[in-house]
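Summary of the model geometry
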Amino acid sequence: MDDTIICRCEDVYLSEILGAIEEGGNSFPGIKKRVRVGMGYCQGRVCQPMVSNILLATCQRNTRPVLQRAQPPIRPVLLGDIIKK
Amino acid sequence: MRQKVIVIGGGLIGTSTAYYLAKYGVEVTLVEAKDIASGTSGACDRAIMLQSKNPGPTLELAIKSANIYEKLEDELEVDLEYRKSGGMIIIETLEEMQAMEHMVERQQKAGIDVKLISGEEARKWQPGLSNDIIGSTWWEGDAEVNPLNVSFAFANAARKLGAEIRLNSPVKRLITDNNRVIGVEVSGERIYADAVVVAMGVWTPMMLKPLGVEVPIIPRQGQILVSEKLPSFLQVGILSASYISNKLKKNHEDDKKDPFGVGLAIGQTHSGTLLIGGSRQFIGYDKTETNPEITRKIGEAAIRAFPCLKKVRMIRSFTGLRPYTPDGKPILSPVSGIDSLYIAAGHEGDGVALSPISGKIMAQVVCGEKPEMDIRSFSLSRF
Ligand SMILES: Cc1cc2nc3c(=O)[nH]c(=O)nc-3n(C[C@H](O)[C@H](O)[C@H](O)COP(=O)(O)OP(=O)(O)OC[C@H]3O[C@@H](n4cnc5c(N)ncnc54)[C@H](O)[C@@H]3O)c2cc1C
Ligand code: FES
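An unreviewed UniProt entry lists chain B under the name NAD(P)/FAD-dependent oxidoreductase, with Oceanobacillus luteolus as the source organism.

By the naming in an unreviewed UniProt entry, chain A goes by (2Fe-2S)-binding protein and is assigned to Oceanobacillus luteolus.

The structure is reproduced here in structure tokens:
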């Protein structure tokens, strides 16, 4: 089947995102918890905009879907550096 | 006519309750304010650890739950990332050694075959452990599971058995008639049922308060760091002895000496990331931001145990609210004085481990069967 990769860090495809939406996922965190999209090294910086667009296109709501909050560290940081501060 | 039951809350406890009720042939409606696992069950760790449970009713409950977990993937026909990895509680000081000797003795009496091993043996089981670790417990029966998978799997299995799952449906209030709960009100709509199970975790007290019922659950925040993916490195689930003493601490007054209650809990997920926790703090419902000072303290604890972690990158941190009760035991109970109303909540840091048995017992109680364990220790009226 034709499928498009959406999350490169976690190897998640469009069909999986659509499946998660069908199961009731209606926010970025909700889809992430179902199929791991956005859990990777870049923490959704690459895939969240796409997932957000898919959500907008599939949900019959005019409100914007809930997005993921950035939780520190904003960029990956060595644990050794975290304890230095 | 089939019995009709509403379960409020789609976390580990509510989804499990809905599943077992559906399995017993009940007509179930699960009503969730946001989404499955959007509360504490979506912001927690993955341990099914019996060693960390206080010997007594909670341990007995946990043993029954662990037995269900062994066959749960087959029963639900999904991958829960369940693994019987074994668990260790690592010991850094002589004082901790004494406390753990005592704990191990009580665990052994309760039938859990935990062993105390030397630092050297511990390093053999788990390479990378610091030379400063003077000893450890070890039990092969401890396990782990992906709590998100568990919540979704229970919800989906319940749905397959005919349960209705209503997401984005915050329950506004319970509808009562002559000291009997007859349904719930959801966004203007009324849903009626023969019984209602409140499984709202830390939010449970809010649903009961208008009926004049006080539920002594308070949120106890925990914070966790997530690392980049690493090749398989942690074979077992690891806690520190200080984690145990923080967990079993009873007073919920803020501790001035150790306000963050940091103790190490570390494990590696199937995808390779490390989950490194954790803290225990009573700071209310609203602070969801992670605290850099706690991050640093957790980092220090982790590096003390595993010096090699200095060179590992952290990609994220998150917080969750444990539903704490004053005696550390969950509430699995009818509400006396109000018919047809039940509570399944207050699992603090044990809700992953206790999810299957809690749901099963609640289903038995609500269906009028004799529960497979005496639930008097978990009654609401004990407070
Ligand atoms: C940092 C951390 C680490 C942990 N690690 C472990 C571990 O390793 N092992 C372990 O066994 N346990 C662990 N726990 C504990 C475990 O996560 C909890 O005990 C468990 O998730 C509680 O589940 P619950 O279903 O009771 O609550 P929740 O998952 O919070 O579910 C309650 C649900 O009720 C919903 N709700 C709220 N208000 C309403 C309303 N008005 N109408 C409808 N629905 C509503 C919420 O949206 C929520 O989904 C940890 C907890 C934390 C915070
Ligand atoms: S592309 Fe999805 S987390 Fe990086």
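Once the structure has been displayed, the description carries forward.
Looking only at helices and strands, one finds nine helices and 19 strands in chain B. A globule of 383 residues ought to have a C-alpha radius of gyration of about 21 Å, and chain B, at 21 Å, matches this closely. C-alpha extents for chain B along the principal axes are approximately 65 × 40 × 35 Å. Counting only residues that meet the buried cut, chain B has 60% of its 383 residues in that class. Contacts spanning at least 24 positions in sequence make up 75% of the contacts within chain B whose residues lie at least 6 apart. Looking at chain B, you have 45 positive and 46 negative side-chain charges, and the mean spots of the two groups are 2 Å apart.

This brings us to the site of ligand 1. Residue and element names in this part refer to chain B. Taken together, 39 residues sit near ligand 1, with Glu32, Ser41, Val171, Glu348 and Ala353 positioned nearest. Thr40 is positioned with one of its backbone polar atoms (N or O) 2.9 Å from an oxygen atom of ligand 1. When ligand 1 sits alone it has 1000 Å² of accessible area, and the protein chains cover 95% of it. Every element with two or more residues in the shell around ligand 1 is listed here: helix 1 (12-23), strand 13 (218-229), strand 17 (313-324) and helix 9 (351-366). Among the elements that make up the shell around ligand 1, the one with the highest residue count is strand 17 (four residues). Broken down by class, the residue content of the shell around ligand 1 amounts to 19 nonpolar, 14 polar and six charged. There are two domains that each give the shell around ligand 1 at least three residues, and those are domain 1 (4-65 + 147-216 + 327-382) and domain 2 (87-140 + 218-324).

What follows deals with helix 1 of chain B. Along an α-helix, residues three or four apart share an orientation, since each turn contains 3.6 residues. Residues and elements named next belong to chain B. Between its first and last C-alpha atoms helix 1 spans 17 Å; for 12 residues at 1.5 Å apiece the expected length is 16 Å, and the two agree. Burial runs high along helix 1: 11 of the 12 residues are buried. Restricting attention to buried positions, one finds in helix 1 the residues Leu12, Ile13, Gly14, Thr15, Ser16, Thr17, Ala18, Tyr19, Tyr20, Leu21 and Ala22. Just past helix 1, the residue Gly25 takes up positive phi, approximately 90°.

All names here are of chain B. Split by domain assignment, chain B resolves into domain 1 (4-65 + 147-216 + 327-382) and domain 2 (87-140 + 218-324). Between the C-alpha centres of domain 1 and domain 2 the distance comes to 28 Å. Both sides of the domain 1 and domain 2 interface together cover about 2500 Å² of buried area, and 62% of this is carbon and sulfur. When residues of domain 1 are sorted by the area they lose upon contact with domain 2, Gln51, Val202 and Glu348 head the list and together hold 30% of the total. In this structure, Glu348 engages Arg280 in a salt bridge whose closest nitrogen and oxygen atoms are separated by 2.9 Å. Taken together, the links from domain 1 to domain 2 amount to 13 residue pairs in polar contact (both at pLDDT 80 or more). Sorting the residues of the side of domain 1 that touches domain 2 by element identifies helix 2 (57-76) and helix 6 (204-208) as the ones contributing at least two each. For the side of domain 1 that touches domain 2, the class distribution of residues is 12 nonpolar, eight polar and six charged.

Quick look at the interface of chain B and chain A now. Chain B puts 35 residues into the contact, and the matching count from chain A is 28 residues. Of all residues in chain B, the largest losses of buried area upon contact with chain A belong to Met314(B), Ile315(B) and Arg316(B), amounting jointly to 22% of the total for that side. The tally of links between chain B and chain A comes to two salt bridges. Across the pair Arg34(A) and Asp35(B) runs a salt bridge whose closest N-O atoms are separated by 2.7 Å. Our count for the contact surface shared by chain B and chain A stands at 10 residue pairs in polar contact (both at pLDDT 80 or more). Of all the elements in the fold, those that place two or more residues in the side of chain B that touches chain A are helix 5 (147-160), strand 13, helix 8 (292-305) and strand 17 of chain B. When its residues are assigned to classes, the side of chain B that touches chain A shows 14 nonpolar, 10 polar and 11 charged. Judged from the two bridges that link them, strand 3 (residues 77-78) of chain A and strand 17 of chain B form a sheet pairing that is antiparallel. By the bridge assignment, Val77(A) is partnered in strand 17 of chain B with Met314(B).

Attention shifts here to the sheet that holds strand 16 (residues 273-277) of chain B. Taken in spatial order, the nine strands of this open sheet run 3(A)-17(B)-13(B)-16(B)-15(B)-14(B)-4(B)-6(B)-5(B), and their pairing is mixed. Since the sheet does not close on itself, it has two edges, and those belong to strand 3 of chain A together with strand 5 (115-118) of chain B, each with one partner. Bridge count between strand 4 (residues 87-91) of chain B and strand 6 (residues 135-138) of chain B: two bridges; the pairing is antiparallel. Its bridge partner lying in strand 6 of chain B, Ile91(B) is registered against Gly135(B). Running at roughly 70° to strand 14 (residues 237-240) of chain B, helix 7 (residues 241-248) of chain B makes contact with strand 4, strand 13, strand 14 and strand 15 (265-268) of chain B of the sheet.

All names here are of chain B. Within the open sheet, the six strands sit side by side as 8-2-1-12-19-18. Their pairing is mixed. Only two strands of the sheet have a single neighbouring strand rather than two, namely strand 8 (164-166) and strand 18 (331-334). Neighbouring strand axes in the sheet, compared pairwise and without regard to direction, differ in orientation by 15° on average. Against the sheet, helix 9 engages strand 1 (4-8), strand 12 (195-198), strand 18 and strand 19 (341-345), with an angle of about 170° to strand 19.

Residues and elements named next belong to chain A. Contact geometry of helix 1 (residues 14-22) with helix 3 (residues 48-58) gives a least axis separation of 11 Å together with a crossing angle of 50°. Between helix 1 and helix 3, the angle is such that the two are oblique. The way helix 1 lies across helix 3 gives a crossing that is right-handed. Along its contact with helix 1, which presents Leu14, Ile17, Leu18 and Ile21, the element helix 3 presents Val51, Ile54, Leu55 and Thr58. Looking at the contact of helix 1 with helix 3 residue by residue, the class counts come to seven nonpolar, one polar and no charged.

Criteria and cut-off values
- Residues numbered from 1 in each chain as written.
- Chains lettered and ligands numbered in written order.
- Predicted model: local features only at pLDDT ≥ 70, side-chain atom pairs only at ≥ 80, totals over all residues.
- Heavy atoms only, no water.
- Helix = DSSP H or I, 4+ residues; strand = E, 2+ residues; numbered from the N terminus.
- Rg over C-alpha atoms; globule rule 2.2 N^0.38 Å.
- Buried < 20%, exposed > 50% of the residue type's maximum accessible area, 1.4 Å probe, protein only.
- Contact = heavy atoms within 4.5 Å.
- Lys, Arg positive; Asp, Glu negative; His and termini not counted.
- Charge placed at Lys NZ, Arg CZ, Asp CG, Glu CD.
- Near = heavy atom within 4 Å.
- Polar contact = N/O pair within 3.5 Å; in protein donor to acceptor, adjacent residues only side chain to side chain.
- Areas by Shrake-Rupley, 256 points an atom, 1.4 Å probe, with all protein chains shown as cover.
- Nonpolar A, V, L, I, M, F, W, Y, C, P; charged D, E, K, R; others polar.
- Domains from an automatic or database assignment.
- Expected span 1.5 Å × (residues − 1).
- Buried area = accessible area lost by both parts, 1.4 Å probe.
- Salt bridge = Lys/Arg side-chain N within 4 Å of Asp/Glu carboxyl O.
- Pairing = 2+ DSSP bridges.
- Axes fitted to C-alpha atoms, helices over the stretch in contact; angles between N-to-C directions.
- Parallel < 35°, antiparallel > 145°, perpendicular 65-115°, else oblique.
- Left-handed = near helix turned anticlockwise from the far one by under 90°.

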